[in-house]
Each structure stands twice: as C-alpha cells, then as structure tokens.
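Here's the letter readout for the chains.
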Amino acid sequence: MIEHFDVLIVGAGLSGIGMACHLQRESPGKRYAILERRQAIGGTWDLFRYPGVRSDSDMFTFAYAFRPWESKTILAEGALVRNYLIDTAREFGVDKNIRFGLKITAAHWSSTDQLWNVEAAHEATGENLVYSCSFLISCTGYYDYDQGHLPQFAGKDAFKGQCIHPQFWPDNLDYRGKKIVVIGSGATAVTLVPSMAPDAAHITMLQRSPTYIFSLPGYGKWIGFLEKLLPPNLLFGTLRSIHIRLQRALYKSAKRWPHAVQRFLLRPVERYMGKDFDMRHFTPAYRPWDQRLCMVPDGDLLQAIKSGKASVVTDEIQSFTASGIALKSGLHLDADIVVTATG
C-alpha cells in the first residue's frame, strides 16, 4: 500500500523539527510525517558524542525564533541542544508524526500524478515501504551518516595506535595519560583539544592552515542585567536580536575593512598568548569571513595551549608511521591516538 501525505519531511534534526513546527502552526490542516533513519530525535546533535561536543554558534540565534533559548549558556553542550530539540518536538506535538528507522532509498516525481513517490526501507525489519506526497522537503543536512569525510593518508595502516573519527567516537574511550594528535583546525578540532587536554599526557592540534579564533563568553552573566529591565517574553527576543545584529555588523565590517577586522580578531589572541608565541598558527592566509570563524567559549583553546597541556602545529602530513605522524617539515609527532577531525 502507498500511504499519502500532503508533506513529507526527511530528517528529525534541527531543520526537520523546525520545519514541522512551522508547518503545524501555519498549515494545521496539512497531513505530514517526518521520516527519520535513526531511532532518535536530534540528527547531528544525537549522532556526535565526542568530548566537549557543543554548538559553535550562539544559541540565541541558533535556536528557533518561535521557541527561544532560555538558558544563559551561549555556546551550549551537545546534550543541551539535543534536549532542546526533543522538548520542542514534544511541546508542539510533532514527535507523534515521526517514523523512525526508515532509510530513504528512492524518490521519484510523477508529472502525471503531480506527486512524489518515496521508497523507504525499515532497517530493523527489512520491510520496504512506499509513500506519496505533494511536497517533499529534505532536512538531512550535509553529513554522510554512514562515513564521515576522511582524506587518504599515506601509511595510515602502519600506525599501531588508535585512529578515530569524531563521528564514530568509541564508548568509554580511555585517553588518560595518552599522547593525542587531532588533525584539523575547524569547529570539531578546537572543541576536542581543550576538552581532552586535562586528562591527556599531551594533545597536539595539527593543522594544514590556521583558522580565525573568536572567543565568546560561555555563560552570559550580563544577561542578568537585562533580566532586571525586561519581562521574560521580551528578554530572549531581545537577546536574539542583539546577537543577530552583532554578527551582521562583524560580517559586514570584515568585508568592508578586512585588515582592521583581522587586527581586531588577532590582537586578543596575541595579548593572551604573549609575545613569544608564534602567531602564524592563528593567522590565516585568507581574509576574515572568507571562511567561517571558530567560536571558542572563554578562550578555552588558548588556555589549554598556554598551560602546556596542548600545542598547535601548522604543517602538512607526509605519512603516518607506526608511532605517529611524519610531517613534510621533517618533524615527527608521536601519538597513541590520532583523531581525524576532517569533516
């Protein structure tokens, strides 16, 4: 049998739950379903479980406008984001319309019937199901849930330690007292390094090229001041508006005055790390906002490096070895664990 819906949404993550809430509020007469491959709400925020996983966007703008983020935590832990999505789905009743465990295998548009025909496999039972809908909305994000991006590294099979991709983090991984190398300089890498540094013997962030680092307060103490001035129904809308305007101002300034914004971003890092630190590790070759900035709460990455528990190396990989990674500069990084934070 073919089950028909007005709208089918693929994915029960941030976008899928948000889409369902908007649809239910604005078109309550429409019949819809969310098809989710996994067995849980949350998408990315349920899949990723590596140490310190968190939002790298402020939650006032990352959260839904129709359900404000009411915590003072600005860059929230992954579990908090996941719970926010689950609570939103339950509050608006969209959780009742989610079909879990379904992998979409095909989708065909019929011009004759003016309908989409969507084929899905129930991965637990092997049952094949067919749906039709007038509107098909893909909210699957850009991750490959079967295999995260992993470049081909020469000699990788020679490495005798553990090589881990953050998308498939092992349960109860014991990295206490271990030498760790994290490959990458994006949001995942700058989260992993300060989170693992306290327990590791040493952790190195190995980057091919630097990323601009922008430190934000992890907890908005100043929000308490606004709480005294504004009622709750206005407070979080105001916080959202403030953060949107600040981000737009920073982006527009970066495009208009790139050198000034570069100095604005680099000077706090330089002041914190000291005059002896090699700023090439945090000075990208591109202009600010040609790529996304990396947000770090309370400068935790810089703190880890300054403490000596972590370090950053800017170089290219020659090959893996039995005991670590050989770099093109001739340097060798010893490692018990290599984390490929490569996307």
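How each quantity is defined
- Residues numbered from 1 in each chain as written.
- Predicted model: local features only at pLDDT ≥ 70, side-chain atom pairs only at ≥ 80, totals over all residues.
- Heavy atoms only, no water.
- Helix = DSSP H or I, 4+ residues; strand = E, 2+ residues; numbered from the N terminus.
- Buried < 20%, exposed > 50% of the residue type's maximum accessible area, 1.4 Å probe, protein only.
- Lys, Arg positive; Asp, Glu negative; His and termini not counted.
- Salt bridge = Lys/Arg side-chain N within 4 Å of Asp/Glu carboxyl O.
- Polar contact = N/O pair within 3.5 Å; in protein donor to acceptor, adjacent residues only side chain to side chain.
- Contact = heavy atoms within 4.5 Å.
- Expected span 1.5 Å × (residues − 1).
- Axes fitted to C-alpha atoms, helices over the stretch in contact; angles between N-to-C directions.
- Parallel < 35°, antiparallel > 145°, perpendicular 65-115°, else oblique.
- Left-handed = near helix turned anticlockwise from the far one by under 90°.
- Pairing = 2+ DSSP bridges.

A. Main features of the side chain of R54. When you line up the elements, R54 lands in the loop between α2 (44-47) and α3 (59-62). As a buried residue without a salt bridge, R54 has its nearest oppositely charged side chain in D300, at a separation of 4.7 Å. At a separation of 3.4 Å, a polar atom in the side chain of R54 contacts the side chain of T191. For R54, the residues in contact, after removing those within four places along its chain, are W45, L75, A76, E77, G78, V190, T191, M295, V296 and P297.

B. Just helix α4 (residues 78-92), in detail. Compared with the 21 Å implied by 1.5 Å per residue over 15 residues, the 21 Å span of α4 between its first and last C-alpha is a close match. Of all the residues in α4, the buried ones are G78, V81, R82, Y84, L85, I86, T88 and A89. As for α4, its buried residues are in contact with α1 (14-26), α2 and α3. In the segment just after α4, G93 is the residue with positive phi, at about 75°.

C. Examining the side chain of Q207 more closely. Position of Q207 among the secondary structure elements: in strand β9 (residues 202-207). Setting aside chain neighbours within four positions, we find Q207 in contact with G184, S185, H281, V312, V313, T314 and D315.

D. Quick look at the packing of α1 against α4. Here α1 crosses α4 at 20°, and the two axes come no closer than 10 Å. Here α1 lies roughly parallel to α4, going by the angle between them. Classified by chirality, the crossing of α4 by α1 is left-handed. The residues of α4 that touch α1, namely those facing L14, I17, C21, Q24 and R25, are L85, T88, A89 and F92.

E. Geometry of the sheet that holds strand β4 (residues 102-110). On the basis of which strands lie adjacent, the open sheet formed by six strands has the order β3-β2-β1-β6-β5-β4 and mixed pairing. Edge positions in the sheet fall to β3 (98-100) and β4, since each of these pairs with one other strand and no more. The mean angle between the axes of side-by-side strands here comes to 40°, regardless of whether they run parallel or antiparallel. Here strand β5 (residues 115-122) pairs with strand β6 (residues 128-138) via six bridges, running antiparallel. Looking at β6, one finds that V118 is bridged to Y131. Packing of α1 onto the sheet brings it into contact with β1 (2-10), β2 (32-36), β3 and β6, and relative to β2 it is tilted by some 175°.

F. A look at the sheet that holds β9. Spatially, five strands are ordered β7-β16-β8-β9-β12 in an open sheet, and the strand pairing comes out parallel. In this open sheet, the two edge strands, each paired with only one partner strand, are β7 (162-164) and β12 (310-314). Taking the axes of each pair of neighbouring strands and ignoring which way they run, one obtains an average angle of 20° across the sheet. Two strands pair when backbone bridges link them, and β9 and β12 are joined in this way by five bridges, in the parallel orientation. Residue pairing for β12: M205 is matched across the bridge by V312. Across the sheet, helix α5 (residues 187-196) lies against β8 (179-183), β9, β12 and β16 (337-340), angled at about 165° from β9, the strand it touches most.

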